[in-house]
Amino acid sequence: MAQRISNINDSNFVVKMRKDILGKTSDECVEVYDNLADDYNKHYKDYKEAARKPDVIPSDIKNLVNCSNVVLEAIRKNDWLTPIFVLDLGCGTGELGDNLESDLGNDETCPIQLHGLDQSPGMQKYAREKPIYSHFYEQSFDKYQNANLKTNSYHITAMCLVFLYGSIDWKHLPEVIRITKRDGLVVIASLTARLTEPTSQGSLESHLYKHVDNGNWTLVKRIEDFSVSTLTFAFKVNVDEPTLQGIPDRGVGDLAVTDCCKIGVSDKN
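Only a predicted model underlies this, so the values are computations on that prediction, with no experimental measurement involved.

Trainee: Could you clarify how one ought to interpret the overall build of the protein chain in this entry?
Mentor: Summing up its helical and strand segments, the protein chain has eight helices and eight strands in all. When each of the 269 residues of the protein chain is scored for burial, the buried share is 55%. The contacts in the protein chain between residues at least 6 apart in sequence include a share of 75% that link residues at least 24 apart.

Below you can see the structure in the form of structure tokens.
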């Protein structure tokens, strides 16, 4: 029987990963992710069967479940022209795709093109084994324009736990909005503490609402799971290019982990 884990502090693996990357550059983080990829993949596999049982689920797995449920609901309810393009931003070992594949199966009424972006080749190695992904970007996600990601590319951009691990913060939100289609959805799932903790530039959650105030996107859903201290948001994008009025200079931030110059695109095969 799996051990009950009700708090992120009880998950030794996740605590170790978070500790290992704090204060490191993006290039150094890639090495950390690569070195932890095998354990990371095993961590998720160990809890896969228990992922929907609240008495055994750790916070990071619940984040994954909540994120995939919101994405799945959007795929099934929206009348976008098919196929539906989805970006798994910070795809890691591809667990979001694995969840979506389990839920969608061979449902031909919900054809999707799922793309994965991650800066760690070691992590992405496992994602490539999951047949639901059709394309991969092996790169970091720059806070300014990523030349190989076109404006209005994705119906859904999903960000599951990317804020937790430090590579992406509030400075990247305008770029997330830019690559998501107008009337598309941005789904963000993270730990409540990570989204609400105060910084010199305000909490991450406060920056999400700044883009609501600017009209860049509209809040569609906010799910707070008090049992495991997680938050999941869904925002409908209203613009092609985000308005940055009232948004602090993105050249300043609190995280030592910033942007990586390594840009490379790779197809699955």
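Still to come is the rest of the account.
Trainee: Before we go on, may I ask you to explain the pattern of salt bridges in this structure?
Mentor: Here the idea is simple: oppositely charged side chains can pair when their charged atoms come close. What the rule picks out here adds up to 10 salt bridges. Across the pair Arg178 and Glu175 runs a salt bridge, and its minimum N-O distance is 2.7 Å. A residue pair is termed a helical-turn pair when its members lie 3 or 4 positions apart in one helix, as Arg178 and Glu175 do in helix 6 (residues 173-179) at three residues. The same class applies to Arg178 as to Glu175, namely buried. The residue Asp240 makes a salt bridge to Arg182 at a minimum N-O spacing of 3.3 Å. One end of the pair, Asp240, is in the loop between strand 7 (230-237) and strand 8 (265-267); the other, Arg182, is in strand 5 (residues 180-191), and 58 residues separate them in sequence. Through salt bridges with shared partners, one network takes in Glu73, Lys77 and Lys221.

Trainee: Honestly, the nonpolar core in this entry has me stumped. Any pointers?
Mentor: Buried together is how nonpolar side chains tend to be arranged in soluble globular proteins. Formed by 42 residues in total, the largest nonpolar core has its most connected members in Ile75 and Ile156. Among the elements that take part in this core, helix 3 (residues 59-77) stands out by supplying eight residues, more than any other. Apart from residues no more than four positions distant in its own chain, Ile75 is found in contact with Ile84, Val86, Leu104, Cys110, Ile112 and Ile156. Counting residues in each nonpolar core, the second largest holds 28 residues, with Tyr137, Tyr154, Ile188 and Val239 among its members.

Trainee: Would you mind going over the environment of Leu89 with me for this structure?
Mentor: Relative to the assigned elements, Leu89 resides in strand 1 (residues 84-89). Taking relative accessible area as the criterion, Leu89 reaches 1% and is therefore assigned buried. Linking Leu89 and Val176, residues 87 residues apart in sequence, is a C-alpha distance of 9.1 Å. Residues within four places of Leu89 in sequence aside, it is in contact with Leu117, Phe141, Thr157, Ala158, Met159, Val162, Ile168 and Val176.

Trainee: Hey, could you run me through the packing of helix 3 against helix 4 (residues 95-104) in this one?
Mentor: When two helices pack together, their arrangement is given by the angle between the helix axes and the distance between those axes. At their nearest, the axes of helix 3 and helix 4 sit 10 Å apart, and the two run at 50° to each other. In this view, helix 3 runs oblique relative to helix 4, as classed from their interaxial angle. Crossing hand, helix 3 versus helix 4: right-handed. Taking contact as the criterion, the partners of Leu64, Val65, Cys67, Ser68, Asn69, Val71, Leu72, Ile75 and Arg76 in helix 3 are, on helix 4, Glu95, Leu96, Asn99, Leu100, Asp103 and Leu104. Broken down by class, the residue content of the contact of helix 3 with helix 4 amounts to nine nonpolar, three polar and three charged.

Trainee: Looking at this structure, I do not really get the state of the cysteines. What am I missing?
Mentor: Linking two cysteines covalently through their sulfur atoms gives a disulfide. If you walk through the whole model with that rule in mind, you get zero disulfides. Free of any disulfide, Cys67 has its nearest cysteine sulfur in Cys160, 4.5 Å distant.

Trainee: Would you mind showing me how to read the confidence of the model for the protein chain here?
Mentor: Reading fine detail from the predicted coordinates is not recommended where pLDDT is low. Within the protein chain, residue pLDDT values average 80, and 81% of them lie at 70 or more. Contacts of residues 1-10 to residues separated by more than four positions or lying in other chains number 23 contacts, the stretch itself having pLDDT below 50. Note on residues 252-269: pLDDT under 50 across the span, and 62 contacts to partners over four residues away in sequence or across chains.

Trainee: Sorry if this is basic, but what is going on with the environment of Val212 here?
Mentor: Counting through the fold element by element, Val212 comes out in helix 8 (residues 204-213). Spatially, the C-alpha atoms of Val212 and Asn238 are 9.6 Å apart, while their sequence positions differ by 26 residues. Leave out the neighbours within four places in its chain, and Val212 touches Trp217, Leu219 and Phe235.

Trainee: What's the story with the side chain of His207 in this structure? I'm lost.
Mentor: Along the polypeptide, His207 turns up in helix 8. A residue is classified by how much of its surface remains accessible, and His207, at 1% relative accessible area, is buried. Contacts of His207, omitting those with residues within four sequence positions, involve Trp170, Leu173, Gln201, Gly202 and Pro248.

Trainee: Mind showing me how you'd approach helix 8 here?
Mentor: Since one α-helical turn is 3.6 residues long, residues separated by three or four positions face the same way. Of the residues making up helix 8, those classed as buried are Leu204, Glu205, His207, Leu208 and His211. Down the axis, helix 8 shows its buried residues gathered within 165° of arc, on one side only. Looking at the packing, one finds that the buried side of helix 8 touches helix 6, strand 5, helix 7 (192-196), strand 6 (217-225) and strand 7.

Quick notes on the rules
Residues numbered from 1 in each chain as written. Predicted model: local features only at pLDDT ≥ 70, side-chain atom pairs only at ≥ 80, totals over all residues. Heavy atoms only, no water. Helix = DSSP H or I, 4+ residues; strand = E, 2+ residues; numbered from the N terminus. Buried < 20%, exposed > 50% of the residue type's maximum accessible area, 1.4 Å probe, protein only. Contact = heavy atoms within 4.5 Å. Salt bridge = Lys/Arg side-chain N within 4 Å of Asp/Glu carboxyl O. Core = buried A, V, L, I, M, F, W, Y, C linked by side-chain atoms within 4.5 Å. Axes fitted to C-alpha atoms, helices over the stretch in contact; angles between N-to-C directions. Parallel < 35°, antiparallel > 145°, perpendicular 65-115°, else oblique. Left-handed = near helix turned anticlockwise from the far one by under 90°. Nonpolar A, V, L, I, M, F, W, Y, C, P; charged D, E, K, R; others polar. Disulfide = S-S within 2.5 Å. pLDDT = per-residue confidence, 0-100. Arc of directions from axis to C-beta.

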